[in-house]
Each structure stands twice: as structure tokens, then as C-alpha cells.
Amino acid sequence: MSVAIFDDRPCHLGEGPLWHPLRQQLFWFDILERRMLSRRDGAALEWQFDEMASAAGWVDADTLLIATETGLIRFDPGTGRQERLADLERDNAVTRSNDGRADPMGGFWIGTMGKRAEPGAGAIYRFHGGEVRCLVEGVSIPNSICFREDGRLAYWADTAEQRIFRTPLDPDGWPEGPHELFLDLAPEGIHPDGSVVDAEGGLWNARWGAGQVARYLPDGTPDRVIDLPASRTTCPAFGGPGFGRLFVTSAREGLSAPHAEDGTVFELAAPVAGRPESRVRL
């Protein structure tokens, strides 16, 4: 399978790829360098923030919801104008935001973690109706936040525990049952990072440290593995015409001698098409 470099700017910790369906544009973050990156019409774009930012959802053609180190902001990529909408562990200097994604009901899920990956320092929240509510506590490295197409099932992982969970949701998008173990990857030595669900319900997961993305069927059966030329793959996203392209961010954090590809964004033809990311309803 042919893998190309979509953007060769090396990220310290590339994360949070989002294909904006109205703008036909990919956004992603370099968390530790406090910047958001993109490309449009062949041009490389970049926005610098005063604090770390890690994930985004789209609101309309000119607006993103962005999770930062201490809160959620409304952001206009055209003008750079931003407005704080809610706080996120603003008084906790230990943590920052990490993985996040909009759910099909218009909410936005976001995880927090210790800046030094302190065990159990993080949590997972949902922003909906102007309110931030904690859903899961005691998470070390929250990742893999994504959703079944009908919005009645959420996935999330604790990378440190090497496990991916799933949570049943009610019609409004709130948990309505206990968290269930979906995949225990510890026996294989796999650290699950970011994930996204395709149009057939398959879950695509980036494997931190393995240089791979893997697809799992809805029942947890492994389906396929794709190797990438960067060891620290972080998160996949679908985009392009018909959501037939798969983009994967990566990182060079912690590598003593990174290669040129480490930290870049990769692109390949998706073996299974994706679907558009849900809109955040403010």
C-alpha cells in the first residue's frame, strides 16, 4: 500500500487531525509546540497559541471549537479571532487537554492528562449545551475518543493501560450504562493512541511506538494492519473526496535520533471509506 507524506513539517507531538467537511481542509495540532497546522491550495498554514492545544471540532465553515490546555475556545481560522467558551481544569497546573472529538449529537468529548503523564491525573469530559461535565475520572492518557455512526456508542482508551473501552450512550449522547472493555492490547504490547470509526463501523487505531494503524471490526476482531514510516503514530482521520483518504499524524517526542518522517502527517488511500466528522452544536 502506497503511503505518502501529506505535510513534511515535523511535529514534536502531532495530534488531533480533523477533516473539515465544509472547507475540505485538514487541521491538526503540534501539542507541545502550541500550534495548529493545516494546508490549503498547496499552501502550508500555521496558527500559534499562548498555551497547548490538542483537538478540534467544526462548528460552521468559519468556526472551530478548539480544546486548549485550560479551556474550550471558539476559533476563526480566517481571522485568528478566539473566544473562550468554557474552562477545562483551568486551576489544575498539572494537566492539559489531549485527544477529543465531536459526537453525533453535537457534543464534544475531550480528555485531559498530566503534562508528565502522571498516573490517573486525567479525565474525560463532554461539552454540551454550554456545560462541561466529567464522564470518566482517573485516566492516565485518554485517547481513541470516537463514536458509532448512530451516536449510541462511544469508544475511548487509556494508552497507559493499553486498553480500549466502549460506553453505551442515551439518545442525548450521555452515558447510559457502565464502561465495557472493548480491546485489551497489553498481551500484545500495543499502546493504543487515537482512533476513528469508518463508514462500516470499523475502528481504526494508531499504535504508539509501533508505526502502525490497525482496523478492528465492531466485535473487536482484528481486520488489518498498515505500516507507516514513523514509529510514533498518533491519530488517524478520514478526508478527501468521498472520505476515501486516510491521514495519520505522528510524533517525535522522546526520540533521541528521529528520522525525517517522524512527526510528519501521512496520507494513503483508505481501504474502507470514512464518514464526515460530526458538527459541534454551540
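Refer to the structure above for everything that follows.
Residues numbered from 1 in each chain as written. Predicted model: local features only at pLDDT ≥ 70, side-chain atom pairs only at ≥ 80, totals over all residues. Heavy atoms only, no water.

Q: Would you explain the sheet that holds strand S2 (residues 14-20) in this entry?
A: In a beta sheet, neighbouring strands pair by backbone hydrogen bonds and run either parallel or antiparallel. Pairing within the open sheet is antiparallel, and its 4 strands lie in the order S2-S3-S4-S5. A single partner strand is all that each edge strand has here, and the edge strands are S2 and strand S5 (43-48). For this sheet the average axis-to-axis angle between neighbouring strands, irrespective of direction, equals 20 degrees. (Pairing = 2+ DSSP bridges. Helix = DSSP H or I, 4+ residues; strand = E, 2+ residues; numbered from the N terminus. Axes fitted to C-alpha atoms, helices over the stretch in contact; angles between N-to-C directions.)

Q: Looking at this structure, I do not really get the packing of aromatic side chains. What am I missing?
A: Given two aromatic rings, their pairing is described by the distance between the two centres and the angle made by the two planes. Inspection of every chain in the model, using the stated rule, returns 9 aromatic pairs. Plain terms: the ring middles of Phe6 and Trp28 are 6.0 Å apart, the flat faces sit at 70 degrees to each other, and that makes the pair edge-to-face. With a gap of 22 residues between them, Phe6 in strand S1 (residues 4-7) and Trp28 in strand S3 (residues 25-30) connect regions that are remote in the sequence. Comparing Phe6 with Trp28 shows no difference in burial state: the two are buried. When the ring of Trp156 is compared with that of Phe165, the centres are 4.6 Å apart and the planes differ by 20 degrees; the resulting orientation is stacked. Summarising the burial analysis for this pair, Trp156 and Phe165 share the class buried. (Phe/Tyr/Trp six-rings, centres within 6.5 Å; stacked < 30°, edge-to-face > 60°. Buried < 20%, exposed > 50% of the residue type's maximum accessible area, 1.4 Å probe, protein only.)

Q: For this particular structure, what's the right way to read the pairing of S3?
A: Side-chain positions along a regular strand alternate between the two faces of the sheet. By the criterion of burial, S3 is predominantly enclosed, with 6 of the 6 residues buried. Here S3 shows no split at all, with Gln25, Phe27 and Phe29 on one side and Leu26, Trp28 and Asp30 on the other all buried. Joining the antiparallel neighbours S2 and S3 is a turn of 4 residues, in which Gln24 adopts a positive phi near 50 degrees. The pairing of S3 with strand S4 (residues 35-40) spans 4 bridges and is classified as antiparallel. Within the sheet, the bridge partner assigned to Phe27 lies in S4 and is Ser38. Linking S3 back to S4 in an antiparallel pair, the connection comprises 4 residues, with Arg34 at a positive phi of about 60 degrees.

Q: Hey, could you run me through the pairing of strand S7 (residues 63-68) in this one?
A: By the criterion of burial, S7 is predominantly enclosed, with 6 of the 6 residues buried. Of the two faces of S7, both are covered, the one formed by Thr63, Leu65 and Ala67 as well as the one formed by Leu64, Ile66 and Thr68. For strand S6 (residues 53-60) and S7, the ladder comprises 6 bridges, and the chain directions are antiparallel. Paired with Trp58 across the strands is Leu64, a residue of S7. In this antiparallel pair of consecutive strands, S6 and S7, the connection spans 2 residues. Across 4 bridges, S7 lies against strand S8 (residues 71-75) in antiparallel orientation. From the neighbouring strand, Ile66 faces S8, where its bridge partner is Ile73. In textbook terms, the turn of a hairpin is the stretch between consecutive antiparallel strands, and for S7 and S8 this stretch comprises 2 residues.

Q: What exactly am I supposed to notice about the sheet that holds strand S15 (residues 153-158) here?
A: One open sheet holds the 4 strands; their spatial order is S14-S15-S16-S17, and the pairing between them is antiparallel. With partners counted over all chains shown, the strands left at the sheet margins are strand S14 (142-147) and strand S17 (180-184), one partner each. Between one strand axis and the next, the sheet turns through 25 degrees on average, direction left out of account. Sheet analysis places strand S16 (residues 163-168) next to S17, joined by 4 bridges and oriented antiparallel. The residue of S17 that forms the bridge with Ile164 is Leu183.

Q: Got a minute to help me understand the environment of Gln24 in this structure?
A: Along the chain, the position of Gln24 falls in the loop between S2 and S3. Look at Gln24 and you get partly exposed, because its relative accessible area is 43%. A distance of 2.9 Å separates a polar side-chain atom of Gln24 from the backbone oxygen of Pro21. (Polar contact = N/O pair within 3.5 Å; in protein donor to acceptor, adjacent residues only side chain to side chain.)

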